[in-house]
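Coordinate analysis (summary)
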Amino acid sequence: MAKTEPKTTSKPAKIDARTISLFSRPSDFSWIIDIDGDCWLVDSGKSGLVLCGYSKLSVDPAAYDKRRDLCKGLVRVLSENSRETCVLGFGTWSGKALNRRVEIKAQHRPTKSAKWVSGHHDDHWIDVDAVLRVDGADVVEIDVYLPAVDNRVGPKTIDIFHHGDPVKSLELTRGQVQCIAVPTASTGENSAELLIESEYAEDLQGTGDERLLGCVITGLRLIDAAVKVDDE
């Protein structure tokens, strides 16, 4: 049986922002909004940018592609007001307006921050297993360094996990600072705890240091995902 459209009222229906997710494909500046399991293609880049303030954003290509064939039609932002709400209108693929409007309220994200939960030391070394908590950011960029020792010791791989799922992997070259960008927005949460796991511990024999050290963290940057759109 075909799914019926919601009943229409004179006022737009209010939607809980927690049921809304926004998916972006930066390669062609297109967006899909998922409202409580129903997917709609956003009709323009401008509407997509407005919706960033009203929903969780993901730039994961697989998540976008999964929903592309499920879209029921088009959606656009009809208006915004001073109460930090916007009204959405829906239409068919041909552009014909459907008799449906919804109102959503902007979500306020927590202040961006990063805090080491475990495994981080004052000299900026981290253990072979370390946990970093990131709040309010779409991406965390981590600068990683592996000291050069001798020619017998090769590179080392670090893997980053979220709730046990692999997120990123990087092979470290000794003597070079390398940056790894972790898209925390793809976790679907405003806060994410990342496990940073090193392939093996450094050889500290004869130094008196009994720590199981993985690598050195030389910098952290928290950024929001930026998507450029053409002027319309």
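Above this text is the structure in question.
What comes next is a walk through the structure. (Residues numbered from 1 in each chain as written. Predicted model: local features only at pLDDT ≥ 70, side-chain atom pairs only at ≥ 80, totals over all residues. Heavy atoms only, no water.)

Next up on the list: the packing of aromatic side chains. Taken as a whole, this structure holds one aromatic pair when the rule is applied. The ring of F90 carries R100 above its face, with NZ or CZ at 4.3 Å from the centroid. Taking the ring centre of Y200 as reference, the NZ or CZ of K156 above it sits at 4.7 Å. (Phe/Tyr/Trp six-rings, centres within 6.5 Å; stacked < 30°, edge-to-face > 60°. Lys NZ or Arg CZ within 6 Å of the ring centre and 35° of its normal.)

Moving on: the pairing of strand β11 (residues 139–145). Among the seven residues of β11, five are classified as buried, and the element is accordingly described as predominantly covered. Summarising the sheet, β11 and strand β16 (residues 213–223) pair through seven bridges and their orientation is antiparallel. By the bridge assignment for β16, V144 is matched with I217. (Buried < 20%, exposed > 50% of the residue type's maximum accessible area, 1.4 Å probe, protein only. Helix = DSSP H or I, 4+ residues; strand = E, 2+ residues; numbered from the N terminus. Pairing = 2+ DSSP bridges.)

Looking at the element boundaries, V182 is found in strand β14 (residues 177–182). With 40 residues separating them along the chain, V182 and L222 place their C-alpha atoms 9.9 Å apart.

Another aspect to go through is the nonpolar core. One finds I142 and V144 to be the most contacted residues of the largest nonpolar core, which totals 21 residues. Counting residues per element, the ones that place at least two in this core are β10 (125–135), β11, β12 (156–162), β13 (165–172), β14, β15 (191–198) and β16. With four residues, β10 is the single largest residue contributor to this core. What I142 contacts, discounting residues up to four positions off in sequence, is L132, I160, Q178, C179, I180, V182, I196, I217, G219 and L220. (Core = buried A, V, L, I, M, F, W, Y, C linked by side-chain atoms within 4.5 Å. Contact = heavy atoms within 4.5 Å.)

Let us look at the side chain of Q178. As for its placement among the helices and strands, Q178 is situated in strand β14. Here the side chain of Q178 touches E171 through a polar contact of 3.2 Å, landing on its backbone oxygen. Contacts of Q178, omitting those with residues within four sequence positions, involve I142, D143, V144, L170, E171, L172 and T173. (Polar contact = N/O pair within 3.5 Å; in protein donor to acceptor, adjacent residues only side chain to side chain.)

Before going further, it helps to examine the pairing of strand β6 (residues 74–81). Here strand β4 (residues 38–42) pairs with β6 via two bridges, running parallel. Its bridge partner lying in β6, V42 is registered against V75. Bridge count for β6 against strand β7 (residues 85–91) is seven bridges, and the pairing is antiparallel. Across the sheet, residue S79 finds its bridge partner in β7, namely V87.

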